[in-house]
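# Descriptive analysis of the structure
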Amino acid sequence: MNRSPYISDAPSVSTIMFKVLLALVPGIAAYAWVYGAGILVSLTLATSTALLTEAALLKLRQRPIKPYLMDMSAIVTAWLLALSLPALAPWWLVVIGTFFAIVIAKQLYGGLGYNPFNPAMVGYAVLLISFPLIMTKWPAPLALAAQPLSWSEQLNFIFSQSLPAALHVDATSSATPLDYLKTQLLLNKEVASISLAPMFGHFGGQGQEYVTAAYGLGGLYLWQQRIISWHLPTAFLLSLAAISGVFYLVDPGHFATPLFHIMSGASLLCAFFIITDPVSGPTTPKGKLYFAAGVAVLTYIIRVYGGYPDGVAFAVLIMNMCVPLIDSLTQPRVFGHEK
Amino acid sequence: MNAILNFASRILPGLGRDEDVHAFNGGVHPPEHKSESSTQPISVLNLPKTLVLPLRQHVGHLPKLQVKVGDRVLKGQLLAEAEGTVSAAIHAPTSGTITAIDEQIIPHPSGLPDTCITLSSDGLDTWAPLQPIDWQASDKKTLVDSLRRSGIVGLGGATFPSHIKLRSNSQSPIHTLIINAAECEPYITCDDMLMRERADAIVSGIEIVKYLLGAEKCLIGIEDNKPLASKAMRAACSQGQAEVKVVPTLYPSGDARRLIHLLLDLEIPSDKRSTDLGVQVFNVATVLAIHRYFAFGEPSISRIVTITGNVLQPQNFEVLFGTPLNDLIQAAGGAHTNTSHYIMGGPMMGFDLPNSQVPITKASNCIIAARQDLFPAAPPAMPCIRCTRCADACPVNLQPQELYWFAKSDNFEKARDYKLFDCIECGCCSYVCPSTIPLVQYYRYAKSEIIATDKAKEAADLARERNEFRLARIEREKLERAQKHAERAAGGRAEASANTDATVPSTPTASDSNDKQAAIAAAIARAKAQKLAGGSPAPAQTSPTAAADNTDKQALIAAAIERAKAAKLAAAQAGEAPKNTENVSPSVQAEIKQTDALREKVKKSSGENADIGSETSADKG
């Protein structure tokens, strides 16, 4: 019998997914520090929902449950979705989003390895379309809040949307800096003066920029561990810098700096954790560059001209559709063949 | 000193590596496990009592047996000679008696039995008279022809008969000889030890091969994990016979196309051979065998085999072909009790041996005693997550994840488009797969399916071509026959009219007795045809004027063809005519049935051919 090779040297799918989760920890820590520990509740909710729905669907599809739960891919989806949602998102928002991500976007397409769309982004897009008001309101970072919510107040808010008597929803949450910038620009204000608002930090949004930087740190770990290749993050960040740089140079009064775009919203989460989802992304080295550049350009366009606060989710989903085309057009030259 | 060098190369990978090697994409570096078997010098195995020599030890045709059961043979005596172009001879590895020629299990992935010669050793190991050849004094063609009798095949594992690779080809003269001493598979050290111990003999072999090929240059490619071997080879090449090139330890650098790229920065096009570009590759052990054949007249009867893994004393032995594996295991101190099975070849491309009795053959470079924890069974495969580690590892730049998808869904055309047939089955993709998918097996499956389909298609094409040819031939013969009949009929009638009317000049054919007979036959045939037509008067009988007119032969021929057609039409109508055969006795009905069957047969067998048809019906009638 010939079953060679007899040896292997590969991290298991579980190990890969575990390292992705590990790489998210600095970002989660920063998130909790900036917006409060409520995110941990969201993560727990999303994780349980993901595992439960995954198990239920696997049972319905008569697939082995244990190996597929152990691969931890559902948890990665859950965490990425939870981290994309506004802090202190109500519990049902988390549950509905995770349900869609796992059931519709993943299992109904055939489970691990068969989903053409990034499940977390599908979940996010569904929520954004269905509940735009909640999805665009982020609580102010704790440091900026007039009266920061305590741990129990956060829990209370997540599960019952009730606030201490003195507070009103609008007092605790507002638009994100990206969203704020867009609406203020429509009022014919200049970028320089808008950026003076307290919600703006050194590079991006006050507080959010630290979370973003922590995501970048985790991303570098993934790259060092050879879980992701340099192609996607590099191409994404360079393309985003390039397109925002061109607009900024043409009219600095109406377009934010490249650094702002990179350090705001979900840019770095996208660069290192979302577009690097191997299943729904391209496989050829060149294809990865085109894919990431496409996501960056679409993200920028949606951010600047679209109606949504951030463009990452739709940009990723649109580019997911192009993956088969990108792959087939960017096949590398095989050894001994002409191009 | 050597120990230090050996140690240094292990802690400082790249030490002593040549700068001007050209890396290929991909490749993997599994744990080497070479030091276990490379501490001891090459030992010689005790003479086995019984040797089993499979006829199939090489790529190509089976050799032709030259001995029968009961024959006494001497060591080195020819047992089977090469037959056909691609074939290799087999010689007696020791002296003794042929005790059986039958089917036995051979060391092959299939595990199936094949024809083997069993030789009982007499313990004397008496050589047959050997005839060394002074290669410098002989012409190349004689030398290459004599190599056909040497039984030498590629000893790197490919087992391609060597004499074919040495035939001169005026179309593309060889300028560079590459000696493949990369030995990139883990565990295997037979070439390493051979170079350390017999470098001078190897270089002598290189000189012969260079001479036969007419190559000006020779490069020896050795991975940087064999510093002692490359040192020994450098010393042996002191007169510039060849240049030692140290390449990085990276599997599969021993693949010929990869090695050529490493050493020459030359990418052999997929549809060409290296010889088309003037490069020929020989394994290091093969050139040594060639040296021994010319210098001492020794045919190929033994090789160096690494026995390693779960045995007490892993090492290299010079083993006679046909030696049972058990003898080799015993010589290596025996296998540990927890040995699960034996693998032939390396862990990347080797295969499970069916048992430990199989003989050592020309392809047996390495035997690994396997243990469960040494080569654990792969966990159940998970779905492909398209992580493209396989694509990064593929030395051919394929997209293994796509090929897997196509192979799995039986989308073979697409697999072929994605260059499935460039896959060298090196196993790098499986080695790095997080989902532990047996990718190589999928590719083998797809390849064999495509080859089978192609063969079936080829056979179908051939059959269709043959059938079309047959139909065309029948059509042509029918026309020819009709024409001939018409001519004969014209001749016959002319004769008849000559007999009755003396004023009509006879045609030349009428006087020819042979033609007369033919005319008679034609007339009989005509009569039969008329009978078949149901006795309806044939136009021929009603046209005496045509018969009389012998000056216009063309018209006659046309008329004859017309007649034949009419007769055929009549016959066809008779076959389809409404029947009034109801309400008759069973015996009559049976008769009718029989007649109908006959008619049907006539129509079927020769609807085109009235002659045969009528004869058949006449015979059966």
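Residues numbered from 1 in each chain as written. Chains lettered and ligands numbered in written order. Predicted model: local features only at pLDDT ≥ 70, side-chain atom pairs only at ≥ 80, totals over all residues. Heavy atoms only, no water.

## Section: the overall build of chain A
The number of helices and strands found in chain A is 17 helices and two strands. For 339 residues, the compact-globule estimate of 2.2 N^0.38 gives 20 Å, and chain A sits close to it at 21 Å. The C-alpha extent of chain A, read off along each of the three principal axes, is 75 × 50 × 30 Å. Counting across all 339 residues of chain A, residues that qualify as buried make up 55%. Considering only residue pairs separated by 6 or more positions, chain A has 76% of its internal contacts joining residues 24 or more positions apart. Looking at chain A as shown, the accessible area adds up to about 14,400 Å², and 70% of this sits on carbon and sulfur atoms. For chain A, the separation between the mean place of its 16 positive charges and that of its 13 negative charges on side chains is 13 Å. (Helix = DSSP H or I, 4+ residues; strand = E, 2+ residues; numbered from the N terminus. Rg over C-alpha atoms; globule rule 2.2 N^0.38 Å. Buried < 20%, exposed > 50% of the residue type's maximum accessible area, 1.4 Å probe, protein only. Contact = heavy atoms within 4.5 Å. Areas by Shrake-Rupley, 256 points an atom, 1.4 Å probe, with all protein chains shown as cover. Lys, Arg positive; Asp, Glu negative; His and termini not counted. Charge placed at Lys NZ, Arg CZ, Asp CG, Glu CD.)

## Thoughts on the overall build of chain B
Of regular secondary structure, chain B possesses 19 helices and 17 strands. Taken across its 621 residues, chain B has 48% of its residues classed as buried. Sequence separation of 24 or more characterises 72% of the internal contacts of chain B that already satisfy a separation of 6 or more. Accessible area of chain B: about 29,400 Å², with a carbon and sulfur share of 54%.

## Thoughts on helix α1 (residues 13-35) of chain A
All names here are of chain A. Along its 23 residues, α1 runs 32 Å from first to last C-alpha, staying within 8% of the 33 Å computed at 1.5 Å per residue. Along α1, the sharpest kink reaches roughly 35°, centred on Val25 and followed within four residues by the proline Pro26. At the exit of α1 stands Gly36, carrying a positive phi of roughly 105°. (Expected span 1.5 Å × (residues − 1). Bend = angle between axes of the 7 residues up to and from the residue.)

## Describing the nonpolar core
All names here are of chain A. If you look at the biggest cluster of nonpolar residues, it comprises 93 residues, and the most contacted ones within it are Phe236 and Phe273. When residues of this core are assigned to their parent elements, the largest contribution, twelve residues, is made by α1. Each of domain 1 (10-175) and domain 2 (176-331) gives at least three residues to this core. Setting aside chain neighbours within four positions, we find Phe273 in contact with Val20, Ala23, Leu24, Leu80, Tyr215, Gly218, Gly219, Leu222 and Leu268. (Core = buried A, V, L, I, M, F, W, Y, C linked by side-chain atoms within 4.5 Å. Domains from an automatic or database assignment.)

## Remarks on the layout of surface pockets
Empty space within the second largest pocket amounts to approximately 950 Å³. Lining the second largest pocket are 48 residues, and of these Ile227(A), Ser229(A), Lys288(A), Cys387(B) and Thr388(B) sit closest to its centre. Counting only elements with at least two residues in the lining of the second largest pocket, the list comes to α1, α4 (73-84), α6 (119-130), α12 (208-224), α13 (231-250), α15 (267-274) and α16 (285-305) of chain A together with α9 (389-393) of chain B. For the lining of the second largest pocket, the leading source of residues is α4(A), giving four residues. In terms of residue class, the lining of the second largest pocket is built from 26 nonpolar, 15 polar and seven charged. When residues of the lining of the second largest pocket are assigned to domains, at least three fall in each of domain 1 (10-175) and domain 2 (176-331) of chain A. (1 Å grid on protein atoms, 1.4 Å probe; cavity = no way out; pocket = protein on both sides within 12 Å on 5 of 7 lines; lining within 4 Å. Points joined across faces, edges and corners; volume = space filled by probe spheres on them. Nonpolar A, V, L, I, M, F, W, Y, C, P; charged D, E, K, R; others polar.)

## A word on the interface of chain A and chain B
Counting from both sides, the interface comprises 39 residues of chain A and, opposite them, 51 residues of chain B. Interface area for chain A against chain B, summed over the two sides, is near 3,900 Å², with a carbon-plus-sulfur share of 55%. Among the residues chain A hides against chain B, the three largest losses belong to Tyr6(A), Ile7(A) and Phe335(A). Together they make up 22% of the total. Counting across the interface, chain A meets chain B through three salt bridges. For Arg386(B), the salt bridge identified is with Asp327(A), shortest N-O distance 3.3 Å. Between the two partners, chain A and chain B, sit 18 residue pairs in polar contact (both at pLDDT 80 or more). Every element with two or more residues in the side of chain A that touches chain B is listed here: α1, α3 (65-70) and α17 (312-329) of chain A. The element contributing the most residues to the side of chain A that touches chain B is α17(A), with three residues. (Buried area = accessible area lost by both parts, 1.4 Å probe. Salt bridge = Lys/Arg side-chain N within 4 Å of Asp/Glu carboxyl O. Polar contact = N/O pair within 3.5 Å; in protein donor to acceptor, adjacent residues only side chain to side chain.)

## Considerations on the packing of aromatic side chains
Applying the stated rule across the entire model yields 18 aromatic pairs over all chains. Geometrically, the ring pair formed by Tyr114(A) and Trp405(B) is tilted, given 5.7 Å between the ring centres and 50° between the ring planes. Residue Tyr114(A) is found in the loop between α5 (91-106) and α6, and its partner Trp405(B) is found in helix α10 (residues 400-408); the two belong to separate chains. An aromatic cluster is defined as three or more aromatic residues linked by ring pairs; in this entry it consists of Phe247(A), Phe255(A), Tyr300(A) and Tyr305(A). If you follow Arg258(B) out to its NZ or CZ, it ends over the ring of Phe335(A), 4.3 Å from the centre. (Phe/Tyr/Trp six-rings, centres within 6.5 Å; stacked < 30°, edge-to-face > 60°. Lys NZ or Arg CZ within 6 Å of the ring centre and 35° of its normal.)

## Some details on the sheet that holds strand β7 (residues 96-105) of chain B
With respect to topology, four strands assemble into an open sheet ordered β2-β8-β7-β4 (chain B), the strand pairing being antiparallel. Each having just a single partner strand, β2 (50-54) and β4 (72-73) of chain B make up the two edges of the open sheet. (Pairing = 2+ DSSP bridges.)

## What about the packing of helix α4 (residues 190-213) of chain B against helix α5 (residues 227-236) of chain B?
Residues and elements named next belong to chain B. Between α4 and α5, whose axes approach to 8 Å, the crossing angle comes to 25°. One element, α4, and the other, α5, form an angle in the roughly parallel class. Between α4 and α5 lies a crossing whose hand is right-handed. Between α4 and α5, the contacting residues are Asp192, Met195, Arg196, Ala199, Asp200, Ile202, Val203 and Ile206 on the first element and Leu228, Ala229, Ala232, Met233 and Ala236 on the second. Its residues placed into classes, the contact of α4 with α5 shows ten nonpolar, no polar and three charged. (Axes fitted to C-alpha atoms, helices over the stretch in contact; angles between N-to-C directions. Parallel < 35°, antiparallel > 145°, perpendicular 65-115°, else oblique. Left-handed = near helix turned anticlockwise from the far one by under 90°.)

## Here we look at the domain arrangement of chain A
Residues and elements named next belong to chain A. Each assigned domain of chain A is listed here: domain 1 (10-175) and domain 2 (176-331). Look at where the C-alpha atoms of domain 1 and domain 2 centre, and you get two points 20 Å apart. Listed as interface residues are 35 residues of domain 1 and, on the opposing side, 33 residues of domain 2. Along the contact surface separating domain 1 from domain 2 lie zero salt bridges. Taken together, the links from domain 1 to domain 2 amount to four residue pairs in polar contact (both at pLDDT 80 or more). When residues of the side of domain 1 that touches domain 2 are traced back to their parent elements, those giving at least two are α1, α4 and α6. Broken down by element, the side of domain 1 that touches domain 2 gets its largest block of residues, 13 residues, from α1.

## Structural notes on the sheet that holds strand β9 (residues 176-181) of chain B
Residues and elements named next belong to chain B. Pairing is parallel in the open sheet, where four strands are placed in the order β11-β10-β9-β12. In the strand order of this sheet, the two ends are held by β11 (243-247) and β12 (279-283), each with one partner. Between one strand and the next, the sheet's axes are offset by a mean angle of 25°, whatever the strand orientation. As paired strands, strand β10 (residues 217-223) and β11 are joined by five bridges and run parallel to one another. Within the sheet, the bridge partner assigned to Ile220 lies in β11 and is Val244. Here α5 sits on the sheet in contact with β10 and β11, set at roughly 165° to β11.

## Structural notes on the side chain of Ser300(B)
All names here are of chain B. With respect to the element layout, Ser300 can be found in the loop between α7 (284-296) and β13 (302-309). Looking at Ser300, the relative accessible area reads 6%, which means it is buried. Apart from residues lying up to four places away in sequence, Ser300 is in contact with His91, Ser150, Gly151, Ile152, Phe321 and Lys362.

## Comments concerning a nonpolar patch on the surface
On the surface, Leu220(A), Trp223(A), Trp230(A) and Leu289(A) cluster together into a nonpolar patch covering about 420 Å² of accessible area. With respect to the helices, strands and loops of the structure, Trp223(A) is situated in helix α12. (Patch = residues over 30% accessible without salt bridge, like charges linked within 9 Å, V, L, I, M, F, W, Y side chains within 5 Å.)

## Re the pattern of salt bridges
Under the defined criterion, the tally for this structure stands at 24 salt bridges over all chains. Its salt-bridge partner being Arg333(A), residue Glu267(B) comes within 2.6 Å of it at the nearest N-O pair. Remark: Arg333(A) occurs in the segment after α17 and Glu267(B) occurs in the loop between α6 (256-264) and β12; the pair is interchain, linking two chains. According to the relative accessible area criterion, Glu267(B) is partly exposed, its value standing at 24%. Note on Arg333(A): relative accessible area 34%, which makes it partly exposed. Put simply, Arg196(B) and Asp192(B) hold a salt bridge, and the shortest N to O gap is 3.1 Å. On the criterion of helical spacing, the pair formed by Arg196(B) and Asp192(B) is a turn pair, its members being four residues apart in helix α4. Taking relative accessible area as the criterion, Arg196(B) reaches 25% and is therefore assigned partly exposed. Counted as one network, the salt bridges with shared partners bring together Glu413(B), Arg416(B) and Asp454(B).

## A closer look at the side chain of Ser239(A)
With respect to the helices and strands, Ser239(A) occurs in helix α13. Among the polar contacts listed, one links the side chain of Ser239(A) to the backbone oxygen of Ala235(A), at a separation of 2.6 Å.

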